[in-house]
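# A closer look at the structure
Each chain is listed here by its residues.
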Amino acid sequence: MAEKTAGAGVQSVERVFELLELIADAGGAVTLSELSTSTELPLPTIHRLLRTLVALGYARQLPNRRYALGPRLIRLGEGANKQLGSLALPQLKKLVDELGETSNMAVLDSDMVVYIAQVPSQHSMRMFTEVGRRAHTHATGVGKAILAQLPDDKVRQIVARSGMPVATDMSIGTIDDLLAELELIRKRGYSIDEQEQELGVRCFAIAVPDAPTPTAISVSGPISRVDDSFATRAVPLLRSAAEAISTEFSGL
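Residues numbered from 1 in each chain as written. Predicted model: local features only at pLDDT ≥ 70, side-chain atom pairs only at ≥ 80, totals over all residues. Heavy atoms only, no water.

## Concerning a negative patch on the surface
Taken together, E18, E21, D25 and E40 make up a surface patch of like negative charges. The topology assignment puts E40 in the loop between α2 (32–38) and α3 (43–56). (Patch = residues over 30% accessible without salt bridge, like charges linked within 9 Å, V, L, I, M, F, W, Y side chains within 5 Å. Areas by Shrake-Rupley, 256 points an atom, 1.4 Å probe, with all protein chains shown as cover. Salt bridge = Lys/Arg side-chain N within 4 Å of Asp/Glu carboxyl O. Lys, Arg positive; Asp, Glu negative; His and termini not counted. Charge placed at Lys NZ, Arg CZ, Asp CG, Glu CD. Helix = DSSP H or I, 4+ residues; strand = E, 2+ residues; numbered from the N terminus.)

This is the structure in structure tokens:
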């Protein structure tokens, strides 16, 4: 009897995480009927689990009756991001020591990227991206590196929900242009933020392979220093750092 109860408990945990991931994949809010069509779980089971999640603060019901991720998940996510960021710091520091420019790591969080680790350049003139900052995927080196790992349909869904604001004259403003850029990134293996967030700033980024959540690292700085010769040195070092970070993640 005890074994049966334990098995049922494990199954309930699996179902809870399945629902949370479905809500996240839907952009953070979803209806009960949408959940029922995305899973084989019976509707009464979905409703019961959602009531429990809402009561615990891991989900919430919006005025329009849609279910969204709850505020208690924020603390868990921040803790996980800090752990991932701390594992990457030695490699980010190595990039700064070898290249002299600021290095960052970011993860995909819903439909945006959030910067979770950084080692700043010692130069007085550098890019000031803070840990915890959220940014659109289409206008960042790390964001485009992450999007290039996803199927085009998923990219379209993310952009449809988040929009494509144009921060500078260099920013990508249409989904077709973005998809073309992502295909180029897949072929060459790295992305470039060509003054798309901030005029005068260039960034090179590479996705971290086999990361537990979509992740990328980057080096960035003023275009006067981050030029073609910089790229020749930076890309191999970024690739090596990404592989080393991936190895660290595999031990989690």
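## What to know about unusual backbone geometry
Of note in the backbone geometry, S110 takes a positive phi value of approximately 60° without being a glycine. Classification of S110 as partly exposed rests on a relative accessible area of 38%. Although it is not a glycine, D210 adopts a positive phi angle of roughly 55°. Tracing the sequence through the fold places D210 in the loop between β8 (201–207) and β9 (215–222). (Buried < 20%, exposed > 50% of the residue type's maximum accessible area, 1.4 Å probe, protein only.)

## Considering the packing of helix α6 (residues 152–162) against helix α7 (residues 175–188)
α7 packs onto α6 with a crossing angle of 135° between their chain directions and a minimal axis gap of 11 Å. Between α6 and α7, the angle is such that the two are oblique. Note that α6 runs across α7; the crossing there is right-handed. Counted together, D152, V155, R156 and V159 of α6 and I175, D176, L178, L179, L182 and R186 of α7 form the full contact between these two elements. Classifying every residue of the contact of α6 with α7 gives six nonpolar, no polar and four charged. (Axes fitted to C-alpha atoms, helices over the stretch in contact; angles between N-to-C directions. Parallel < 35°, antiparallel > 145°, perpendicular 65-115°, else oblique. Left-handed = near helix turned anticlockwise from the far one by under 90°. Contact = heavy atoms within 4.5 Å. Nonpolar A, V, L, I, M, F, W, Y, C, P; charged D, E, K, R; others polar.)

## Looking at the layout of surface pockets
Space left empty within the atom packing is revealed by a probe, the size of a water molecule, rolled over the atoms. Its volume calculated, the largest pocket comes out at about 1,600 Å³. Around the largest pocket, the lining comprises 44 residues; the ones closest to its centre are L73, G77, L108, D109 and S110. A per-element tally of the lining of the largest pocket places helix α4 (residues 72–99) first, with ten residues. Partitioned by chemical class, the residues of the lining of the largest pocket number 25 nonpolar, nine polar and ten charged. (1 Å grid on protein atoms, 1.4 Å probe; cavity = no way out; pocket = protein on both sides within 12 Å on 5 of 7 lines; lining within 4 Å. Points joined across faces, edges and corners; volume = space filled by probe spheres on them.)

## Considerations on the sheet that holds strand β6 (residues 134–136)
Strand order in the open sheet formed by six strands is β6-β5-β4-β9-β8-β7, with antiparallel pairing between adjacent strands. Every interior strand has two partners, whereas the edge strands, β6 and β7 (191–194), have only one. Strand after strand, the sheet turns through a mean of 30° between neighbouring axes, direction not considered. Pairing between strand β4 (residues 102–109) and strand β5 (residues 112–119): seven bridges, direction antiparallel. Along β5, the bridge assignment pairs N104 with Q118. (Pairing = 2+ DSSP bridges.)

By themselves these figures say nothing about function.
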